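Notes for the structure review
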Amino acid sequence: MKKFGLIIIAGICLAVLVFGHLHWKNISQAAGEEAREAAAKVKEKEKEEREALIQSLKPENHKQQPLIDYLHYKSLTQDRVIVSLVGSNGTSGTGASNSSNSWAGRLEKSLRADRDDLETLSFINHGHEGYSTEDLLKSKKIEAVIQDDPDLIIFENSLINNHYQSLSLEKTENDLESIMTKLQKELPDAKILIISPNPVANGKTENSLGLNYFDYIQASEKIIKMNKWTYLNSNEEIEKKLSKKNMRLADILNNDNIHPNDQGHYIWFEVLKEYFKLKK
């Protein structure tokens, strides 16, 4: 009898253990299901928020959209965001102690830091020291930009070298139109920002044609305004910043009085950074 009683007790204990295990298993499964449902809801909410953000940044809905928002939209809707730079000394970073201290290097780093989604942003630099607008066309640097298939092009109009090489204003205007025609035809969906070069100390010095640097800027601006192209007068905006900072032009140029030093590139970067956040 005693042995039989022990068997019954053991059976009861086993049954308790089995049913207890099944009970906790059911509780665990229920908790796991709740966790999965909660995770799915969070994921769905994130998806909805992302879609709402995409719709809010859609370029079609914002005709005066800041460039930073345009790039943000591109980063949310495609794997890579490409910004191609083309121009002369300023774009290549001449005068800066290294590429990261150039306005281009600083701008790329700043844009990536500004929006988490812009980590995929990639700058491709086609700046060539000493190149005029004629050189950019003859050496097929514009075709190189087209091959990038960029979302945004920053084109530094090579006016310092046009002035130095004594290219005529007519030639300068025609080159500008040729460059823009090529870019707009082959890259109809890309945004294009034309910027002037930096201010120089000998801006009023005349070349062999009797033209100074400002003559080239004014001639180019006439064509730009006529065609309603997007434009930033870097020369003018840098000088405004110098005035506000109570600095001299000599403070931001190298010994050649033409190419910006690190400080000059930093101020140029500030001008572009502010422009990228402006509604246009």
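**As for the overall build of the protein chain**
From N to C terminus, the protein chain includes 11 helices and five strands. Taken over 280 residues, the protein chain has a buried fraction of 43%. Long-range contacts, defined here as pairs at least 24 residues apart, represent 75% of the contacts in the protein chain between residues at least 6 apart. Total accessible area on the protein chain is roughly 15,800 Å²; 52% of this is exposed by carbon and sulfur atoms.

**Looking at the pattern of salt bridges**
For the structure on display, the rule yields 14 salt bridges. Note that D114 is salt-bridged to R115, the shortest N-O span being 3.1 Å. Its relative accessible area of 30% is what places D114 among the partly exposed residues. Each member of the salt-bridge network shares a partner with another, and the members are D69, D114, R115 and K277.

**Re the layout of surface pockets**
The computed volume of the largest pocket comes to approximately 450 Å³. Considering the residues around the largest pocket, the lining is formed by 20 residues, among which L67, A190, K191, I192 and T230 are closest to the centre. Listed by contribution, the elements that provide at least two residues to the lining of the largest pocket are helix 8 (169–186) and strand 4 (191–195). With three residues, strand 4 is the largest single contributor of residues to the lining of the largest pocket.

**So, the packing of helix 10 (residues 234–245) against helix 11 (residues 262–276)**
The relative placement of two packed helices comes down to the angle between their axes together with the axis-to-axis distance. Contact geometry for helix 10 and helix 11: axes closest at 9 Å, N-to-C directions at 110 degrees. In terms of orientation, helix 10 and helix 11 fall into the roughly perpendicular class. Helix 10 and helix 11 meet at a crossing whose hand is right-handed. Here helix 10 contributes S234, E237, I238, K241, L242 and K245 to the contact with helix 11, which in turn contributes I267, W268, E270, V271 and E274. Residues of the contact of helix 10 with helix 11, tallied by class, amount to five nonpolar, one polar and five charged.

**Points about the environment of E156**
Relative to the assigned elements, E156 resides in strand 3 (residues 152–156). Along the chain, E156 and V86 lie 70 residues apart, while their C-alpha atoms are 6.2 Å from each other. Aside from chain neighbours lying at most four places away, what touches E156 is V86, G87, S88, N89, G90, T91, I195, S196, P197 and W268. A polar side-chain atom of E156 sits 2.7 Å from a polar atom in the side chain of T91.

**Here's the deal with the pairing of strand 3**
The buried count for strand 3 comes to five of five residues, which makes it a mostly enclosed element. Of the two faces of strand 3, the one lined by L152, I154 and E156 and the one lined by I153 and F155 are each fully buried. Sheet topology note: the strand 1 (residues 81–87)/strand 3 ladder contains four bridges and is parallel. Within strand 3, the residue paired with V86 across the bridge is F155. Two strands pair when backbone bridges link them, and strand 3 and strand 4 are joined in this way by five bridges, in the parallel orientation. In the sheet register, L152 faces strand 4, and the bridge partner there is K191.

**Overview of the sheet that holds strand 2 (residues 121–127)**
Pairing within the open sheet is parallel, and its five strands lie in the order 2-1-3-4-5. This sheet does not close on itself; its edge strands, each paired only once, are strand 2 and strand 5 (231–232). The pairing of strand 4 with strand 5 spans two bridges and is classified as parallel. Residue I194 lies in a different strand from strand 5, and its bridge partner there is Y231.

Criteria and thresholds
- Residues numbered from 1 in each chain as written.
- Predicted model: local features only at pLDDT ≥ 70, side-chain atom pairs only at ≥ 80, totals over all residues.
- Heavy atoms only, no water.
- Helix = DSSP H or I, 4+ residues; strand = E, 2+ residues; numbered from the N terminus.
- Buried < 20%, exposed > 50% of the residue type's maximum accessible area, 1.4 Å probe, protein only.
- Contact = heavy atoms within 4.5 Å.
- Areas by Shrake-Rupley, 256 points an atom, 1.4 Å probe, with all protein chains shown as cover.
- Salt bridge = Lys/Arg side-chain N within 4 Å of Asp/Glu carboxyl O.
- 1 Å grid on protein atoms, 1.4 Å probe; cavity = no way out; pocket = protein on both sides within 12 Å on 5 of 7 lines; lining within 4 Å.
- Points joined across faces, edges and corners; volume = space filled by probe spheres on them.
- Axes fitted to C-alpha atoms, helices over the stretch in contact; angles between N-to-C directions.
- Parallel < 35°, antiparallel > 145°, perpendicular 65-115°, else oblique.
- Left-handed = near helix turned anticlockwise from the far one by under 90°.
- Nonpolar A, V, L, I, M, F, W, Y, C, P; charged D, E, K, R; others polar.
- Polar contact = N/O pair within 3.5 Å; in protein donor to acceptor, adjacent residues only side chain to side chain.
- Pairing = 2+ DSSP bridges.

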